[in-house]
Amino acid sequence: YPLVCLGSSGERPKGRSSARTSLEDRKYTYETCPTVPRIPAIPIGYGDAEPFLRSLDGIDVTQNPIFDGWQGGLPFNYHIGGTGNISVHLQVENEHPIRPEWNVVATIPGSEEPDRQILIGNHRDGWTAGARDPHSGSAPMMEVARAFGILLEEGWRPRRTIKLMS
């Protein structure tokens, strides 16, 4: 597995050789990988988020025309920002290991033109917006795969080879 963490100038992380190393040896750290975000972040449920949200005493979004009467899903008015009178101590302990990733490929051979391929794919890694990023494409792709399975059970065969990839 090649190292994938690059510094701002494209160099390999400090203290790492260009040779492949074991998965245990290859972990992102703030010291060895300048591209690892420095902002602590951890997902929490609405029950844990409620005290933080209720503490914000800035602009009431329901009263601000910019937000057009928007109201969040919890039973109180949402505010943006505050007076600075509230502080939170957040301690986040994350590890940043590099783990193996697998590609999943299903092939339905074509009946007339098997060398011509139709590719259907989606990624599973979440680069933005959490799980909704990859899985907004994964769910429809799984439905397409299920539909192809039903058609195949009924004897249907595609003209060209179809590959489903995730």
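Quick notes on the sheet that holds strand β6 (residues 113-121)
Taken in spatial order, the three strands of this open sheet run β5-β7-β6, and their pairing is mixed. The sheet is open, and its two borders are formed by β5 (105-108) and β6, each paired with just one other strand. In this sheet, neighbouring strand axes are inclined to one another by 20° on average, regardless of whether the strands run parallel or antiparallel. Where β5 lies against strand β7 (residues 160-165), four bridges are found, and the strand directions are antiparallel. Looking at the pairing, A106 lines up with L164 of β7.

Section: the nonpolar core
By size, the foremost hydrophobic cluster in this structure holds five residues: I108, M141, F148, I162 and L164. Elements with a minimum of two residues in this core: α2 (132-153) and β7. The residues contacting F148, other than those within four sequence positions of it, are I108, I120, W156, I162 and L164.

Some thoughts on the packing of aromatic side chains
Inspection of the entire model under this criterion finds three aromatic pairs. Aromatic pair W70 and Y78: ring centres 5.3 Å apart, planes at 70°, arrangement edge-to-face. Seen from their ring centres, F148 and W156 are 5.6 Å apart, and the 0° between their planes marks the pair as stacked. Looking at F148, the relative accessible area reads 15%, which means it is buried. Of the residues examined, W156 reaches a relative accessible area of 31% and is grouped as partly exposed. An aromatic cluster of three or more residues is present, and its members are W70, F76 and Y78.

Describing the side chain of T161
Relative to the elements of secondary structure, T161 occurs in strand β7. Since its relative accessible area comes to 5%, T161 is described here as buried. A distance of 3.0 Å separates a polar side-chain atom of T161 from the backbone nitrogen of G110. Here P114 takes part through its backbone oxygen, which lies 2.7 Å from a polar atom of the side chain of T161.

Concerning the pattern of salt bridges
Going through the model one piece at a time under the given rule, you end up with five salt bridges. Between E113 and R116 there is a salt bridge, with its nearest N and O atoms 3.1 Å apart. Residue E113 pairs with R159 through a salt bridge whose shortest N-O separation is 2.6 Å. With E113 in strand β6 and R159 in the loop between α2 and β7, the pair connects residues that are 46 residues apart, well separated along the chain. With relative accessibility at 49%, the residue R159 sits in the partly exposed group. Several salt bridges share partner residues, and in doing so they unite E113, R116, R159 and R160 into one network.

A word on the pairing of β7
Of the pairings in the sheet, the one linking β6 to β7 comprises six bridges and is parallel in character. Within the sheet, the bridge partner assigned to I118 lies in β7 and is I162.

Rules used in this analysis
- Residues numbered from 1 in each chain as written.
- Predicted model: local features only at pLDDT ≥ 70, side-chain atom pairs only at ≥ 80, totals over all residues.
- Heavy atoms only, no water.
- Pairing = 2+ DSSP bridges.
- Helix = DSSP H or I, 4+ residues; strand = E, 2+ residues; numbered from the N terminus.
- Axes fitted to C-alpha atoms, helices over the stretch in contact; angles between N-to-C directions.
- Core = buried A, V, L, I, M, F, W, Y, C linked by side-chain atoms within 4.5 Å.
- Buried < 20%, exposed > 50% of the residue type's maximum accessible area, 1.4 Å probe, protein only.
- Contact = heavy atoms within 4.5 Å.
- Phe/Tyr/Trp six-rings, centres within 6.5 Å; stacked < 30°, edge-to-face > 60°.
- Polar contact = N/O pair within 3.5 Å; in protein donor to acceptor, adjacent residues only side chain to side chain.
- Salt bridge = Lys/Arg side-chain N within 4 Å of Asp/Glu carboxyl O.

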